[in-house]
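# A structural walkthrough
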Amino acid sequence: MDNITTKKASFFSGLTGQILVAMILGAILGIVIHNNIDAESAQAFSTKIKILATVFIRLVQMIISPLVFTTLVVGIAKLGDIKAVGRIGGKAMGWFFTASFISLLLGMFFVNILEPGVGLNLSNVELGSVAEVTAKTQNISFENFIEHIVPKSIFEAMATNEILQIVIFSIFFGLAAASLGDYVKPVINALDKTSHIVLKMVNYVMKFAPIGVFGAIAGVFAVRDFQELAITYFKFFGSFLIGISSLWVVLIAVGFIFLKSRMPVLLKRIVSPLIIAFGTTSSEAVFPKLTEELERFGVKDRIVSFMLPLGYSFNLDGSMMYMTFASVFIAQAYGIDLDLGTQMTMLLVLMLTSKGIAGVPRASLVVVAATCGMFDIPIEGIALILPIDHFCDMFRSATNVLGNALATSVVGKWEADGEVEEVLEA
């Protein structure tokens, strides 16, 4: 009995337990506010309490750029040559595009089987809130994506936390450093020490995570009648949960295939990052913490520092699944019949246009709106899913974290196995 009590006490004194308590307290406070004060005051409360979440996310964003740059450059320098970078990069991109395709396919499968948009009443749809999303769709195209990859200035990329652009610069910088050998060792050592300082900052920043999650949850429940949302959007949200749960089953099953008995250990390691991403609806918010946990899991720092930044640009499994699901849902709601060929074309378009959008507010919705425009589906249909999008985003963000943790761990294992084989052959 004493052991059980001790374990419970240690759980609630740890970060994961504190975040869960913060989520529950935030939900309770939000519901009490929503049910006891007028809508205008509740909106004012929501705006103010969400500052807690904004501060936490900004604290994390503050350290993402230096962390990505220092760890990636050091990781590439430790890899040693272009051949090693190409080998690991090839494995990474192969995994990312396969996972993206499966995620998109699952979304398309479940939205066609469950048909959550069929027979929906569009008379009460509020269109005013759509403008914020649709205004950004003009920037979503293949040409803009290609232009967006290459930074005009590394300082601009760092200032705006453009992870993909930082990755591109860091790869060139790391390869150049690796080619100069011992001459640049002092620079690499300095960057290595800097990355450890930044990781130490992560520990300080994470202490604010429960406060940030509390603010985010309380702010949402203060202005949303959860019971009304659950009834109104039961079919859409329920169908989405079935789809995202199936994606989790697939990801965890693949994890067991490649990591075997180590998979439960990985899941235990990433519980805290998963809950933070779920509570804040930001996978970006756990980037530093996830880096730390994957290294503790046993993935070499050079692999983690190379894989994670790439994953955050190319491997957003939860968001990908949602994009096909939401796009076809809107078409169903407007009675637009999309044949299989059109849906597969839509899937391929989403594969391309969705890359490199990490850090864009409501990125999934922006891509969905752009895709709807390309296939003559009314963009105003975004208004159908806006009220429930925050709750969907919680699951999307957590799924993105799981997908990137799994990809990094599997590629790390492949590399470790390859090194053992080379030693045995020698």
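Computed from a predicted model, the values in this text were never measured in an experiment.

### Details of the overall build of the chain
On a plain count of helices and strands, the chain comes out with 20 helices and 0 strands. Counting all 426 residues of the chain, 51% fall into the buried class. Relative to all contacts within the chain whose residues are 6 or more apart in sequence, the contacts with residues 24 or more apart total 87%. Summed over its atoms, the accessible surface of the chain is roughly 19300 Å², and 65% of this surface lies on carbon and sulfur atoms.

### Details of the nonpolar core
Core analysis: the largest hydrophobic core is formed by 120 residues, its most contacted members being Phe56 and Ile385. Looking at which element gives the most residues to this core, the answer is helix H20 (residues 382-425), with 16 residues. If near-sequence neighbours (up to four positions away) are discounted, Ile385 is found in contact with Phe236, Tyr322, Ala326, Phe329, Ile330 and Leu365.

### A closer look at the packing of aromatic side chains
All chains considered together, the criterion is met by 15 aromatic pairs. Between Phe109 and Phe110, the ring centres sit 5.1 Å apart and the planes meet at 80°, which makes this aromatic pair edge-to-face. In this structure Phe110 comes out as buried when scored by relative accessible area, which is 13%. Ring plane angle 75° and centroid distance 5.9 Å describe the contact between Phe221 and Phe391, whose orientation is recorded as edge-to-face. Linking Phe221 in helix H10 (residues 209-223) with Phe391 in helix H20, this pair joins segments that are 170 residues apart in sequence. Among the aromatic residues, ring-to-ring pairing joins Phe236, Phe240, Tyr322, Phe325 and Phe329 into one connected group. Above the plane of the ring of Tyr322 lies Arg396, whose end atom (NZ or CZ) is 4.1 Å from the centre.

### Some points on the packing of H10 against helix H14 (residues 271-280)
For the pair H10 and H14, the least separation of the axes is 8 Å and the interaxial angle reads 30°. Read as a crossing pair, H10 and H14 show a hand that is left-handed. Along its contact with H10, which presents Ala209, Val213, Ala216 and Ile217, the element H14 presents Ile276, Gly279 and Thr280. When grouped by side-chain class, the residues that make up the contact of H10 with H14 number 5 nonpolar, 2 polar and no charged.

### Examining the environment of Gly403
Mapped onto the secondary structure, Gly403 falls in helix H20. Sequence separation between Gly403 and Ile252 is 151 residues; the distance between their C-alpha atoms is 9.1 Å. What Gly403 contacts, discounting residues up to four positions off in sequence, is Leu251, Asn315 and Asp317.

### Looking at the confidence of the model for the chain
Averaged over the chain, the pLDDT score is 81; the fraction of residues at 70 or greater is 83%. No element of the chain has a lower mean pLDDT than helix H1 (residues 2-13), which averages 49, and none a higher one than helix H13 (residues 263-269), which averages 94. Low pLDDT, under 50, characterises residues 4-11; the stretch is placed with 3 contacts to residues that sit more than four places away or in other chains.

### Some points on H10
Owing to its 3.6 residues per turn, the α-helix aligns residues three or four sequence positions apart on the same side. Across its 15 residues, H10 extends 22 Å between first and last C-alpha, which sits within 8% of the 21 Å expected from 1.5 Å per residue. Judged by how many residues are buried, H10 sits mostly within the fold: 12 of 15 residues are covered. For H10, every residue scored as buried is listed here: Ala209, Pro210, Gly212, Val213, Gly215, Ala216, Ile217, Ala218, Gly219, Val220, Phe221 and Ala222.

### A few points about the pattern of salt bridges
Scanning all chains against the criterion turns up 10 salt bridges. With its nearest N and O atoms 3.7 Å apart, the salt bridge here joins Arg296 to Glu293. Taken together, the positions of Arg296 and Glu293, both in helix H15 (residues 287-297) and 3 residues apart, correspond to about one turn of that helix. Given a relative accessible area of 47%, Arg296 falls into the partly exposed group. Where salt bridges share partners, they join Arg269, Lys289, Glu292, Glu293 and Arg296 into one cluster.

Cut-offs used in this document
Starting from 1, residues in each chain are numbered consecutively following that chain's sequence as written. Note on the predicted model: pLDDT of at least 70 is required for a residue's local features to be given, and 80 or more for side-chain atom pairs to be given and counted; whole-chain, interface and lining totals, by contrast, use all residues. Just so you know, side-chain values use all the structure's heavy atoms and leave hydrogens and water out. Segments assigned H or I by DSSP are reported as helices when at least four residues long, segments assigned E as strands when at least two residues long, and all are numbered from the N terminus. When a residue's accessible area, from a 1.4 Å probe over protein chains only, is under 20% of the maximum for its type it is buried; when over 50% it is exposed; and in between it is partly exposed. Should any heavy atoms of two residues lie within 4.5 Å, those residues are considered in contact. Using a 1.4 Å probe, accessible areas were evaluated by the Shrake-Rupley method; residue-level cover was limited to the displayed protein chains. Here, nonpolar core means buried Ala, Val, Leu, Ile, Met, Phe, Trp, Tyr and Cys residues that are tied together by side-chain atoms lying within 4.5 Å of each other. Between 30 and 60 degrees the pair is tilted, below 30 it is stacked and above 60 it is edge-to-face, where a pair is any two Phe, Tyr or Trp rings, Trp via its six-membered ring, whose centres lie within 6.5 Å. Two conditions define a charge sitting above a ring: the NZ of Lys or the CZ of Arg must be within 6 Å of the ring centre, and it must be within 35 degrees of the ring normal. Interaxial angle, 0 to 180 degrees, is taken between N-to-C directions of lines fitted to C-alpha atoms, where a helix line uses only the stretch in contact. For any helix crossing, the convention is left-handed if the near helix is rotated counterclockwise from the far helix by under a right angle, and right-handed if that rotation is clockwise. Polar here means any residue outside two lists: the nonpolar Ala, Val, Leu, Ile, Met, Phe, Trp, Tyr, Cys and Pro, and the charged Asp, Glu, Lys and Arg; Gly therefore counts as polar. In predicted models, pLDDT denotes the confidence assigned by the predictor to each residue on a 0 to 100 scale. Here the expected span of a helix is defined as 1.5 Å times the quantity of residues minus one. Salt-bridge detection follows one rule: a side-chain nitrogen of Lys or Arg within 4 Å of a carboxyl oxygen of Asp or Glu.

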